[in-house]
Amino acid sequence: MDRRFVQAILDSGDAAGVLRFARAPHDNDRIELEPLLIDLFRYFQTTEALEFYIDAIRRAPEDVDDSLIQALLPFGAKAVEPLLALYKQLGEEQGSDIAFLLAALRLRDPRVLQALLDRLEYDAADGAFCLGLYGDPAARPALEKMLSEIPESDQELRREITYALEQLDAPEPHYQPEPFDILAEYPERELPPFDVLDEAERIEMLASTEADVRAGAAHSFFNHALNAKSRAALLELAKSDSDPAVRGEAWAALGDAVEDETIRGAMIAALNDPSKPVEERGGAAVGLYTVADRDDVRKGLEALYELGGKARIKALEAMWRSLWEPYAKYFPPHLGAQDPKLLRQAIRGAGYFRLTQYAGKIAAFFDREAPYDDLREDALFAYALAMPGETTRGRARGLLRKIDALAGLSQAETELVMFALDERLRLHGLAPVFEGGEEEHEPEAPPEPAAPARKIGRNDPCPCGSGKKYKKCHGA
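Counting from 1, residues in each chain are numbered in the order their sequence is written. Totals for whole chains, interfaces and linings use all residues, but because this is a predicted model, local features are given only for residues with pLDDT of at least 70 and pairs of side-chain atoms are given and counted only at 80 or more. Neither water nor hydrogens contribute to the side-chain values; these are computed over all heavy atoms in the structure.

Colleague: Help me understand helix H14 (residues 228-240), please; the structure alone is not making it clear to me.
Modeller: For an α-helix the count is 3.6 residues per turn, leaving residues at separations of three or four pointing the same way. Here a helix means four or more residues in a row that DSSP labels H or I, a strand means two or more in a row labelled E, and each is numbered from the N terminus. A helix's residues, less one, multiplied by 1.5 Å, set its expected span. For H14, built from 13 residues, the straight-helix expectation of 18 Å at 1.5 Å per residue is met to within 8% by its first-to-last C-alpha distance of 18 Å. All buried positions along H14 are accounted for by Ser230, Leu234, Leu235, Leu237 and Ala238. Along the axis of H14, the buried positions cluster into a sector of 160°, meaning they face one direction only. Facing away from the buried side of H14 by over 90 degrees, the exposed positions are Ala228, Lys229 and Lys239. Buried positions along H14 lie against helix H12 (199-205), helix H13 (211-219), helix H15 (244-253), helix H16 (261-271) and helix H17 (278-287). Each polar contact in these results corresponds to two N or O atoms within 3.5 Å; when the atoms are within protein, one needs to be able to donate a hydrogen and the other to accept it, and residues that are neighboring in sequence are counted only if both atoms are side-chain atoms. Where H14 begins, the side chain of Asn227 points an oxygen toward the backbone nitrogen of Lys229, at a separation of 3.1 Å. Burial classes: relative accessible area under 20% of the type maximum marks a residue as buried, over 50% as exposed, and values in between as partly exposed (1.4 Å probe, protein chains only). In this context, the arc is that of the directions from the helix axis out to the C-beta atoms. Note on contacts: a residue pair is in contact if any heavy atoms of the two residues lie within 4.5 Å.

Rendered as structure tokens:
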């Protein structure tokens, strides 16, 4: 969804058509369209949109987006009745955002006041905040009574209630809807969501007139099993596309086909041809990661590395993906790199080659500021692979707790670290503990005196039981 798409809808001027579309079932939609529909209704200012907004809140009452709040507030008194009904239906436990909306409307209604007073009894802090926002002096006795019952030791709650009482004396604000520039909410141009498209659709996009769409479609095949049709389409693209970045993505995606001698030979030739653009050679390098221990591939990777810049970034990516130990030496020198893209590959390599002596440097990127602030997830993953500690199934949960204590993990980050710890176990030839996002609840095992587990080789069977070589399965 980008400005071109949104502008096409606006040009149609069909607000009624948007409403009809919104009312239709969308259980099988491949992308989430609700945020777009909210924005469109806010732009068209259609009165029928109120019903849609209420339904959107009902579907996710504890996660009401700011855009939905801004879209609903202009309805004023019309919104009070359906919001009160929804608050009653969902109950106080799920009603925090609905209470906030009722308060933000600032319309004097005894039913709203009673609902907010009840909320004060249910959740003093939340109720006080809402009553302060609502601004009705009639709430003063209840707030003062609540304040008198809060012990002096609970300073935070006392501040909340005191602030709410101060708000009751504040001048009545004049609500003015914020101007809404719907096009400013969307990028000028966005690539298709390739991850929700089927193979036939992605193959079709390999013939797009736009180079970045062809490149994105080719990249969507990376690390996926290729059938004869997709393999042939990618090979044709790699050999003949006019754009070197597209050719590079096609070569990278053909990594699943390196066992084909003809394709492998063409990729190695592209990697080692100094006349070809770096984008193409770099893509071939990444595609060849499963055979990066071959002399002809190694020489190509080392030549790319020596070129520096984009070439070095691609060479490092191919090296860490290969899991070939002789490449480990290339990563530590770049853990202080200024280029975030180069630094990302250095962090990943330090993790996958389990360079424990550099774990502290990796952890330093948990809380870095721009332009390195988007490296946190890479650092968490790499740290889980390389952090000090015995690699056994019984120790996995302890390692997770240590990382959580060090970095303060969100739920999504916890799942990422769990996957990384499972990867660490696989690299040591052990079965995963957290696979599927849930821990296996087994007793914490003491350290075993037996010999350490053999590290799994790139060409060994993957311990997940797929029957594939590790480098072609979880090692990918």
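Colleague: Sorry if this is basic, but what is going on with the layout of surface pockets here?
Modeller: Throughout, the protein atoms alone are placed on a 1 Å grid, and a set of points is a cavity if a 1.4 Å probe fits but cannot get out or a pocket if it is open with protein on both sides within 12 Å along at least five of seven lines; lining residues have an atom within 4 Å of a point. Grid points are joined across faces, edges and corners, and a volume is the space filled by probe spheres set on the points. Counted as a void, the largest pocket has a volume near 720 Å³. Along the walls of the largest pocket sit 23 residues, with His219, Glu249, Ile313, Lys314 and Glu317 positioned nearest its centre. Examining the composition of the lining of the largest pocket, we find that five residues originate from one element, helix H19 (residues 309-322), more than from any other. By volume, the second largest pocket amounts to about 390 Å³. Surrounding the second largest pocket, 18 residues form its lining, Ala22, His26, Glu34, Phe52 and Arg59 being those nearest its centre. Elements with a minimum of two residues in the lining of the second largest pocket: helix H2 (15-23), helix H3 (34-44) and helix H4 (49-59). Here the element with the most residues in the lining of the second largest pocket is H4; it accounts for four residues. Residue classes in the lining of the second largest pocket are distributed as eight nonpolar, one polar and nine charged. Three categories are distinguished: nonpolar for Ala, Val, Leu, Ile, Met, Phe, Trp, Tyr, Cys and Pro, charged for Asp, Glu, Lys and Arg, and polar for the others, with Gly belonging to the last.

Colleague: I tried to follow the packing of helix H7 (residues 96-105) against helix H9 (residues 124-134) on my own but got confused; where do I start?
Modeller: The relative placement of two packed helices is expressed as an angle between their axes plus a distance between the axes. Where helices are involved, their axes are fitted lines through C-alpha atoms of the stretch in contact, as for all axes, and angles between N-to-C directions lie from 0 to 180°. Across the interface, H7 lies against H9 with an axial gap of 8 Å and an inter-helix angle of 20°. By the criterion of interaxial angle, the relationship of H7 to H9 is roughly parallel. Every pair of crossing elements has a handedness; the one defined by H7 and H9 is right-handed. Touching Ser96, Ala99, Phe100, Leu102, Ala103 and Ala104 of H7 are Asp126, Phe129, Cys130, Leu133 and Tyr134, all from H9. For the contact of H7 with H9, the class distribution of residues is nine nonpolar, one polar and one charged. Any angle that is under 35 degrees is reported as roughly parallel, and any over 145 degrees as roughly antiparallel; angles of 65 to 115 degrees are reported as roughly perpendicular and all others as oblique. When the near helix sits turned anticlockwise from the far one by under a right angle, the crossing is termed left-handed; a clockwise turn instead gives a right-handed crossing.

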